[in-house]
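Survey of secondary and tertiary structure
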Amino acid sequence: MGSGGLRSGLPELVSKLIQIPSVNPPGFTVNVAGFIKDWLSTHGLSSSIYEYSKDKPNVIAKVGKGKPVLILNGHMDVVPPGDESRWTYPPFSGKIVEGRVFGRGSTDMKGGLAVIMVVFAELAPIIEEAGAGTLIFSATADEEVGGHTGVEALVKDGVLVGDAAIITEPSGSTRYYVGEKGLCQVRIVARGKPAHGSLPILGDNAIMRLMKAIERAQEVIDGFNKSISIPSELIDAIRNSAEAYLEAVGASGAKLSLSDFEKVVGTISFNPGVIRGGSKVNMVPDYAELELDMRIPPGVSPSQVIDKLRSGLNGLADVEVMDVSDPNYTSPSERIAQLVHEGIERVLKIVPKPIIVTGATDGRYLRARGIPTIVYGPGELALAHAYDEYVTIEDLFRVHDVLTYVIRRFFNLGG
Ligand SMILES: [Zn+2]
């Protein structure tokens, strides 16, 4: 089959991938991995399966040899469809209507997965023949629940190691992600002294303590936010991100301004998510806790945030660590970032915008290994995990064409 056929078959391929559910949890990828392996094989490409957790295989294919090594990555798992009656077309129908492919995973990210399958199949023989380096295709498991048995394990195992990486998560064809915020989730625990509710003076109310602790925690974070400084090479990206989020929320964010979004992207966010405490209305509670979610920008580490909270809450409440991850980014001056930028500019005639996202991707594991990583793929951030999720056929073709340009340039293939 000629390359034109592969490109024009993209919508159909996305549809087929959607029709093989890989909902996480449980996150089983056996069927979709099998389909991808067979598809690659039909196009003359061999691949290997790496399975770090039962029924959650990853598919890896490599062509060419030596340096430089470029990694293409996409995850196969999708989030649950939710209430299926709220979908216009059944979530696993992969229905193609009016220039869009609908279904769970269309945007996040079977669209991006299909694009790298096609681009890999098209360019593999050219890279092989030119002896230009190594191109790695990877379709991975587990992203929606942390990537531990997917990209994280593959990086640790030395399977996914290279000079640069592109992940086709849904940035949309006119933007690319250079970085993401880190995570700092803590439990704030207040302890008191029980007593009968009719004589509260005899006790020490843990709920009242926790309320004070929450207020103080917010003051601590507000104060810390005034002192943090974002790496200067990311200042533009913060502004671009604020614009992107403002646009994504559309009319529902009418009361919010660009500076509100600049603040939420460029500083530590503060969201008390769960509160628990007390056991009976007529008792003075001796225990209350808050689960607090904070997302931290590049330039700040989770341990700094925890230290500040601990000293600020000293004597009032304890701070227990739930989950942390470092913010991470690839310098916009890295070659892979510049190639993606140039590719969008040349192929789409659009001046693209590097942005920082507030959520985490598997890119963090590659960056932690020192691999410059850019996220660039079809779809829209606002549609990921939504009802009536879709990807436009135009976006699939655009990202296909940009990535073809980027990969050719990366390997100095001309054309
Ligand atoms: Zn995703």
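From a predicted model like this one, the values you see are computed outputs, not experimental measurements.

Re the packing of helix α2 (residues 10–18) against helix α3 (residues 30–42)
- Put simply, α2 and α3 touch, their axes get as near as 10 Å, and they point 145° apart. Residues L13, K16 and L17 of α2 touch α3, and the partners they reach there are V32, F35, I36 and W39.
- For the contact of α2 with α3, the residue count by class is six nonpolar, no polar and one charged.

Quick word on the packing of α2 against helix α12 (residues 393–410)
- At a minimum axis separation of 10 Å, α2 and α12 run at an interaxial angle of 110°. Comparing the axis directions of α2 and α12 gives the class roughly perpendicular. Here α2 contributes L10, P11 and V14 to the contact with α12, which in turn contributes I393, L396, F397 and H400.
- Residues of the contact of α2 with α12, tallied by class, amount to six nonpolar, one polar and no charged.

Overview of the packing of aromatic side chains
- Per the counting criterion, the structure on display carries five aromatic pairs.
- Residues F102 and Y390 carry aromatic rings whose centres are separated by 5.5 Å and whose planes lie at 50° to one another, so their mutual orientation is tilted. Separated by 288 residues along the polypeptide, F102 in strand β5 (residues 100–102) and Y390 in strand β18 (residues 390–392) bring together distant segments of the chain. Pair check on accessibility: F102 and Y390 agree, each one buried.

Topic: the sheet that holds strand β4 (residues 96–97)
- Here we have three strands laid out as an open sheet, ordered β4-β5-β18, and antiparallel in their pairing. The sheet is open, and its two borders are formed by β4 and β18, each paired with just one other strand.
- Across three bridges, the pairing between β5 and β18 is antiparallel. Looking at β18, one finds that V101 is bridged to V391.
- Lying on the sheet, α2 is in contact with β4, β5 and β18; it crosses β5 at an angle near 10°.
- Across the face of the sheet, helix α4 (residues 106–130) comes into contact with β5 and β18 while running at roughly 45° to β18.

Notes on the pattern of salt bridges
- For the coordinates displayed, the defined rule picks out 21 salt bridges.
- Close ionic contact of K56 with D142 constitutes a salt bridge, the shortest N to O distance being 3.4 Å. Of the two residues, K56 sits in the loop between β1 (48–51) and β2 (57–64) while D142 sits in the loop between β6 (134–140) and α5 (148–156), which places them 86 residues apart along the sequence. Here K56 matches D142 in class, with each residue buried.
- For E247, the salt bridge goes to R175, with nearest N and O atoms at 3.2 Å. Remark: R175 occurs in strand β8 (residues 175–180) and E247 occurs in helix α7 (residues 235–249); sequence separation between them is 72 residues.
- In this structure, a network of salt bridges that share partners links the residues R187, R276, E289, E291 and E320.

Criteria and thresholds
- Residues numbered from 1 in each chain as written.
- Predicted model: local features only at pLDDT ≥ 70, side-chain atom pairs only at ≥ 80, totals over all residues.
- Heavy atoms only, no water.
- Axes fitted to C-alpha atoms, helices over the stretch in contact; angles between N-to-C directions.
- Helix = DSSP H or I, 4+ residues; strand = E, 2+ residues; numbered from the N terminus.
- Contact = heavy atoms within 4.5 Å.
- Nonpolar A, V, L, I, M, F, W, Y, C, P; charged D, E, K, R; others polar.
- Parallel < 35°, antiparallel > 145°, perpendicular 65-115°, else oblique.
- Phe/Tyr/Trp six-rings, centres within 6.5 Å; stacked < 30°, edge-to-face > 60°.
- Buried < 20%, exposed > 50% of the residue type's maximum accessible area, 1.4 Å probe, protein only.
- Pairing = 2+ DSSP bridges.
- Salt bridge = Lys/Arg side-chain N within 4 Å of Asp/Glu carboxyl O.

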